[in-house]
Every structure is written in structure tokens, then in C-alpha cells.
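Secondary and tertiary structure notes
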Amino acid sequence: MSKDPDWAADLKRYNMRRPFLKEQSIWAIWVYRWGRRIEQRSPGLIKKVLNVLYLIAFRTVETAFGISLPRTARIGPGLRIWHFGNIFIHGDAVIGAGCTLRQGVTIGNRSEDGPVPVIGNHVDFGAYAQVYGGVRIGDHCKIGGLSVVLSDVPEGATAVGAPARIIAAKVPVS
Ligand SMILES: CC(C)(COP(=O)(O)OP(=O)(O)OC[C@H]1O[C@@H](n2cnc3c(N)ncnc32)[C@H](O)[C@@H]1OP(=O)(O)O)[C@@H](O)C(=O)NCCC(=O)NCCS
Ligand SMILES: CC(=O)OC[C@H](N)C(=O)O
């Protein structure tokens with residue numbers, strides 16, 4: 001049993017034997033959680049060495065699988081990434097618990113040094129969904145494949161298209 005509850009929740013979402021042999025994305029998530037754990041260590045030589053090893057592992061996974069999950073981003077427990085390639089998460093992004101990403105998802109700023117998204121819990125991103133700028137996506141939202149989200153999405157809503165429009169909402173939008 002892992003001592004890292006976030007990692008334990010991630011593994012649960014893969015729900016299979018030997019995920020490291022079957023899913024490239026689990027490597028990226030493991031390196032992300034490991035990097036977070038290293039950050040929590042007290043300063044010293046071991047931390048310095050681990051930081052170098054982390055950077056090598058991060059860059060290797062990013063380049064080999066095209067999944068960039070910098071440890072400075074805050075990602076809640078139970079992350080699931082289906083497939084791999086061109087998945088880029090900004091280092092200041094916030095992603096809640098139980099979220100699902102797919103190939104091509106980008107969560108980042110709209111212009112250099114601009115604000116970045118805050119994503120709620122249990123949000124499901126279709127393939128190549130893009131979210132740019134200081135937008136908020138509420139809990140239990142669905143973002144359609146190939147959609148470009150540039151404004152807030154309320155809790156429970158489904159947003160599709162470029163720019164994204166809301167097609168289903170918990171509380172109907174007028
Ligand atoms: C967003 C999504 C969850 C919506 O599913 P849904 O609630 O069943 O919605 P529907 O299929 O009933 O579509 C409702 C409307 O939205 C449109 N729509 C659905 N998904 C869309 C998308 N990704 N982009 C643009 N429009 C979309 C439909 O054409 C339909 O429009 P209409 O009412 O004018 O006919 C789903 O379409 C989607 O994109 N899922 C991601 C799947 C994915 O990434 N698959 C790859 C696996 S690797
Ligand atoms: C490519 C594909 O359809 O993969 C299916 C997978 N279950 C997913 O949700 O992404």
C-alpha cells in the first residue's frame with residue numbers, strides 16, 4: 001500500500017494489473033507525485049540529488065510520451081490520463097480530484113505570463129480539449145473533444161466547440 005494517498009487514488013483509477021506495462025501515462029503521473037513528495041522533504045544533500053533525478057525523469061517522460069505535468073501544478077488525487085501525446089499542463093494550473101485527461105489536452109495561459117485555469121473535481125476532458133487563461137471550470141463538467149474553453153464553465157455543465165458553448169447545464173443557462 002502506497003504512503004502517498006494521492007498516488008493510491010491515481011492507481012485506483014487505472015484499475016488494472018501492471019499498469020506500468022500497459023499505460024504510458026501512469027509513468028508521467030508517478031513522476032509528478034514523486035516530484036511533489038521530493039518538494040516536501042527537508043533541505044539537504046539528499047533533496048538536491050533527488051531534485052536532479054526528478055528533473056531528468058520529468059524531461060524523459062515529457063519527451064518520450066508527450067505528457068508534461070510539472071510538479072509545480074496542483075493536481076488532486078485520482079488523476080486518469082487516457083492515452084498520451086501533446087498533453088501540456090501549465091506549472092501554475094490547479095486541477096481538482098478525480099479528473100480525466102486525454103491526448104492533446106492543453107491547460108495553460110492565453111498569452112505569455114497570463115493567468116491560468118482552475119479546474120474543479122471530476123472534470124472530464126475530451127481528446128484535444130484546450131483551456132486557456134484564468135478560467136474556472138466547475139466540478140463534474142465535461143469538455144468536448146477539440147473544444148477551446150476561454151470562459152468559465154459552471155458546475156455540472158458540458159461545453160463544446162471553439163470557442164466552447166454550454167450544451168448542457170446542471171442549472172439551465174438562459
Ligand atoms: C462533449 C461530449 C461529452 C458530449 O456528449 P453528449 O452529452 O452525449 O452530447 P451529444 O452527443 O448529445 O451532443 C450534443 C450537441 O453537442 C455537439 N457536440 C458534441 N460533442 C462535440 C464536440 N466535441 N465538439 C463540438 N460539438 C460537439 C453535438 O453535435 C450536438 O449538437 P446539436 O445539438 O447541434 O446536434 C462528447 O461529445 C465528447 O466530445 N466526448 C469526448 C470523447 C473523446 O474525447 N473521445 C476520444 C477518446 S480517446
Ligand atoms: C480512443 C478511445 O476511444 O479510447 C477510449 C477510452 N476509454 C477513453 O475514454 O479515452
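Let us look at the structure shown here.

Criteria and cut-off values
- Residues numbered from 1 in each chain as written.
- Chains lettered and ligands numbered in written order.
- Predicted model: local features only at pLDDT ≥ 70, side-chain atom pairs only at ≥ 80, totals over all residues.
- Heavy atoms only, no water.
- Salt bridge = Lys/Arg side-chain N within 4 Å of Asp/Glu carboxyl O.
- Helix = DSSP H or I, 4+ residues; strand = E, 2+ residues; numbered from the N terminus.
- Buried < 20%, exposed > 50% of the residue type's maximum accessible area, 1.4 Å probe, protein only.
- Near = heavy atom within 4 Å.
- Polar contact = N/O pair within 3.5 Å; in protein donor to acceptor, adjacent residues only side chain to side chain.
- Areas by Shrake-Rupley, 256 points an atom, 1.4 Å probe, with all protein chains shown as cover.
- Nonpolar A, V, L, I, M, F, W, Y, C, P; charged D, E, K, R; others polar.
- Patch = residues over 30% accessible without salt bridge, like charges linked within 9 Å, V, L, I, M, F, W, Y side chains within 5 Å.
- Pairing = 2+ DSSP bridges.
- Core = buried A, V, L, I, M, F, W, Y, C linked by side-chain atoms within 4.5 Å.
- Contact = heavy atoms within 4.5 Å.

**Some points on the pattern of salt bridges**
Evaluation of the coordinates by the stated rule reveals 8 salt bridges. The residue R33 makes a salt bridge to D10 at a minimum N-O spacing of 2.6 Å. Taken together, the residues R33 in helix α3 (residues 24-39) and D10 in helix α1 (residues 5-14) connect sequence positions 23 residues apart. The buried category is assigned to D10, whose relative accessible area is 0%. Residue R71 pairs with E39 through a salt bridge whose shortest N-O separation is 3.7 Å. Of this pair, R71 sits in the loop between β1 (67-68) and β2 (74-75) while E39 sits in helix α3, placing them 32 residues apart in sequence. On the basis of relative accessibility, which here comes to 13%, the residue R71 falls in the buried class.

**Let's talk about the site of ligand 1**
The environment of ligand 1 is formed by H83, R102, Q103, G126, A127, K142, G144, G145, T158, V160, G161 and I167. Between G145 and ligand 1, the recorded distance is 2.8 Å, taken from a backbone N or O atom to a nitrogen atom. Alone, ligand 1 offers 920 Å² of accessible surface; in the complex the protein occludes 39% of this. The residue inventory of the shell around ligand 1, partitioned by class, reads 3 nonpolar, 7 polar and 2 charged.

**Here's the deal with a nonpolar patch on the surface**
Residues L45, V49, V52, L53 and I56 make up a contiguous nonpolar surface patch of about 470 Å² in total accessible area. Structurally, V49 can be placed in helix α4 (residues 45-65).

**Considerations on the pairing of strand β15 (residues 165-168)**
Bridge analysis of strand β14 (residues 158-160) against β15 gives 3 bridges, and the strand direction is antiparallel. If you follow V160 over to β15, its bridge partner there is R165. Linking β14 to β15, which pair antiparallel, is a turn of 4 residues; within it G161 sits at a positive phi near 95°.

**So, the nonpolar core**
Counting 41 residues, the largest nonpolar core has L69, I81, L101, I107, F125, I137 and I143 as its most contacted members. Among the secondary structure elements, those contributing two or more residues to this core are α1, α3, α4 and β4 (87-89). Residue contributions to this core peak at 7 residues, all from α3. Not counting the four nearest positions on each side in its chain, I137 is found in contact with V118, I119, G120, V123, F125, V131, I143, V149 and V153.

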